[in-house]
Amino acid sequence: MDTKTATMTGVLGLAGVAHFARPKLFDSIVPPRLGNPRFWTIASGVAELGCAGLLANPATRRLGGVASAALMVGVFPANIYTVVKQWDNPKGRAIACARLPLQIPLVWASAAIAAESD
């Protein structure tokens, strides 16, 4: 497994576990219009663990890359919601704004893994 794939597998695996270890943190960034935050926290944690598993297996790595890229794009609205929610809190706003551009290399790495996989 190359470094890019190992890194994405680790990031997704750790993030997935974190959704179950500290669900209230993730519940707080679910936009209210989506309904039950815990459902989305658990669902996204399962999706991240699933993507990590797909990336870890060479036979499913291409699918894992595509699924991971789609997941990173799919959770981006929660990051935007967090910026809006934290706008009046300078520290919270700075952290939330700093997270936004981090999605770009995660999408890029996921797509590159899919493209490079057999």
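The structure under discussion appears in the preceding block.
As the structure is a prediction and not an experimental result, all values here were calculated from the model. (Residues numbered from 1 in each chain as written. Predicted model: local features only at pLDDT ≥ 70, side-chain atom pairs only at ≥ 80, totals over all residues. Heavy atoms only, no water.)

## Focus: the packing of helix 4 (residues 61-74) against helix 7 (residues 103-116)
Which entries qualify depends on this criterion: Think of each axis as a best-fit line through the C-alpha atoms, taken over the contacting stretch in the case of a helix, with angles from 0 to 180 degrees between the N-to-C directions. Put simply, DSSP marks the helices as runs of H or I at least four residues long and the strands as runs of E at least two long, and each gets a number from the N terminus on. In what follows, roughly perpendicular refers to angles from 65 to 115 degrees, roughly parallel to angles under 35, roughly antiparallel to angles over 145, and oblique to any angle outside these ranges. A crossing counts as left-handed when the near helix is turned anticlockwise from the far one by less than a right angle, and as right-handed when that turn is clockwise. Here a residue-residue contact requires only that any non-hydrogen atoms of the pair lie within 4.5 Å. Under the grouping applied here, Gly and all other residues not named as nonpolar or charged are polar, the nonpolar ones being Ala, Val, Leu, Ile, Met, Phe, Trp, Tyr, Cys and Pro and the charged ones Asp, Glu, Lys and Arg.
Running from N to C, helix 4 and helix 7 point in directions that differ by 160°, and their axes come no closer than 7 Å. In terms of axis orientation, helix 4 runs roughly antiparallel to helix 7. Handedness of the crossing formed by helix 4 with helix 7: left-handed. Along its contact with helix 4, which presents Arg-61, Arg-62, Gly-65, Val-66, Ser-68, Ala-69, Met-72 and Val-73, the element helix 7 presents Gln-103, Leu-106, Val-107, Ser-110, Ala-111, Ile-113, Ala-114 and Ala-115. Among the residues forming the contact of helix 4 with helix 7, the class breakdown is ten nonpolar, four polar and two charged.

## Here's the deal with helix 7
As a reminder, the rule being used: A helix is expected to reach a length of 1.5 Å times the quantity of its residues less one. To sort residues, take the accessible area from a 1.4 Å probe on protein chains only and compare it with the maximum for the residue type: under 20% means buried, over 50% means exposed, and anything in between is partly exposed.
In a regular helix each residue adds 1.5 Å, so 14 residues correspond to 20 Å; helix 7 covers 20 Å between its end C-alpha atoms and thus fits that length. Where helix 7 is concerned, the buried positions are Gln-103, Ala-109, Ser-110, Ala-112, Ile-113 and Ala-114. Taken together, the buried residues of helix 7 touch helix 1 (3-21), helix 3 (37-56), helix 4, helix 5 (76-85) and helix 6 (90-99).

## A closer look at the pattern of salt bridges
Note the cut-off: Each reported salt bridge corresponds to a side-chain nitrogen of Lys or Arg within 4 Å of a carboxyl oxygen of Asp or Glu.
The final tally for this structure, using the stated rule, is two salt bridges. Among the salt bridges present, the one from Glu-116 reaches Lys-4, with a minimum N-O distance of 3.0 Å. Taken together, the residues span a long stretch of sequence, with Glu-116 in helix 7 and Lys-4 in helix 1 at a distance of 112 residues. For Arg-38, the salt bridge goes to Asp-27, with nearest N and O atoms at 2.6 Å. Of this pair, Arg-38 sits in helix 3 while Asp-27 sits in helix 2 (residues 23-27), and the two are eleven residues apart along the sequence. A residue is classified by how much of its surface remains accessible, and Asp-27, at 15% relative accessible area, is buried.

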